[in-house]
Amino acid sequence: MNIALDIGHANNTGSRGNGLEEHATASVIVDHLAPMLRAQGHDVTVIDYPYMDNGGDLAATVRAINAGNYDISISVHCDSSDSPSSRGAHVCHHRTYHDDGTCTDSVQGKDLAEAIAGPLCKLLPGRADHVQARPDRSCTPPKSSLYVLRKTNPPAVLVECGFISNAGDTDLMKNNPAAIARAIAWGVNTYTQRK
């Protein structure tokens, strides 16, 4: 498969906590993840615009993903909460909300999200909802899904690799980011074996 790996957020525009910054932490995870996926036989491109503002980063990322003829896109992030007890990973996929109150999920995006969430949420437990289709609350009115999921052409997921605001999750981010990468790679392998 041809895989786009997006490092979530530009430098110093994402979450911070426990001595970590989101872009830098996601970069380390992707540094481990990309060679693991290549070892599985995939073509991998890392997409990163660290010196843009967050809006510019999102727009450039979506343009790059849509121009790259990718089979799947994975955006790597770290979650944050005002509550230091919030913990655990989850994976988001695209969902379109219709005016009549119904919704339609990206079948492949949801399948990829479920495949990654299985091993990742065992490693980073704590969330009841391992797989989510979140509306983009930054838009008024809220739009279907997050921008990096809504605007990209290939099946896409946004992986929240635990809470940067939780000491236990950040301990794993600091001391064993390769374990997080392995869990994601294992999920991608499960997904590709189904295809």
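Refer to the structure printed above.
Residues numbered from 1 in each chain as written. Predicted model: local features only at pLDDT ≥ 70, side-chain atom pairs only at ≥ 80, totals over all residues. Heavy atoms only, no water.

**Notes on the sheet that holds strand S6 (residues 90-93)**
Strands pair in a sheet through their backbones, by hydrogen bonds, and they do so in one of two ways: parallel or antiparallel. Here six strands make up an open sheet; going across it, the order is S4-S1-S5-S10-S6-S9 and the pairing mixed. One side of each edge strand has no neighbouring strand; the edge strands of this open sheet are strand S4 (43-47) and strand S9 (131-132). Note: strand S1 (residues 2-7) against S4, five bridges, orientation parallel. Among the inter-strand pairings, Asp6 is bridged to a residue of S4, identified as Ile47. Here helix H1 (residues 22-39) sits on the sheet and contacts S1, S4, strand S5 (72-79) and strand S10 (156-163); the angle it forms with S1, its principal contact strand, is near 165°. (Pairing = 2+ DSSP bridges. Helix = DSSP H or I, 4+ residues; strand = E, 2+ residues; numbered from the N terminus. Contact = heavy atoms within 4.5 Å. Axes fitted to C-alpha atoms, helices over the stretch in contact; angles between N-to-C directions.)

**Concerning the state of the cysteines**
The tally for this structure, following the rule as stated, stands at zero disulfides. With no disulfide partner, Cys103 has as its closest neighbouring cysteine sulfur the one in Cys92, 15 Å distant. Overall, the relative accessible area of 39% leaves Cys103 in the partly exposed class. We note that Cys121 lacks a disulfide partner, and the nearest cysteine sulfur, in Cys161, lies 9.9 Å from it. With a relative accessible area of 4%, Cys121 lands in the buried category. (Disulfide = S-S within 2.5 Å. Buried < 20%, exposed > 50% of the residue type's maximum accessible area, 1.4 Å probe, protein only.)

**Considering the environment of Ile184**
Of note, Ile184 is situated in helix H6 (residues 177-194). If we skip the residues at most four places from it in the chain, Ile184 touches Ile29, Leu33, Ile116, Leu120, Val159 and Cys161.

**Quick look at the environment of Cys92**
Tracing the backbone shows Cys92 in strand S6. For Cys92, a relative accessible area of 0% puts it in the buried group. It is 5.8 Å that separates the C-alpha atoms of Cys92 and Val131, two residues lying 39 residues apart in sequence.

**Details of helix H5 (residues 167-175)**
Along H5, the positions that sit buried rather than exposed are Asp169, Thr170, Leu172 and Met173. In a view along the axis of H5, the buried residues occupy a sector of 155°, so they form one face of it. More than 90 degrees from the buried face of H5, the exposed residues found are Ala167 and Asn175. (Arc of directions from axis to C-beta.)

**Describing the nonpolar core**
Counting 38 residues, the largest nonpolar core has Leu5, Ile74, Ile116, Leu120, Val159, Ile180 and Ile184 as the members making the most contacts within it. Mapped by element, the contributors of at least two residues to this core are S1, H1, S5, helix H3 (107-123), S10, H5 and H6. If sequence neighbours within four positions are ignored, Ile74 has contacts with Ile3, Ala4, Leu5, Asp6, Ile116, Val157, Val159 and Val188. One finds Leu146, Val148, Ala156 and Leu158 within the second-largest nonpolar core, a separate group that totals six residues. (Core = buried A, V, L, I, M, F, W, Y, C linked by side-chain atoms within 4.5 Å.)

What is shown is where atoms sit, not what they do.
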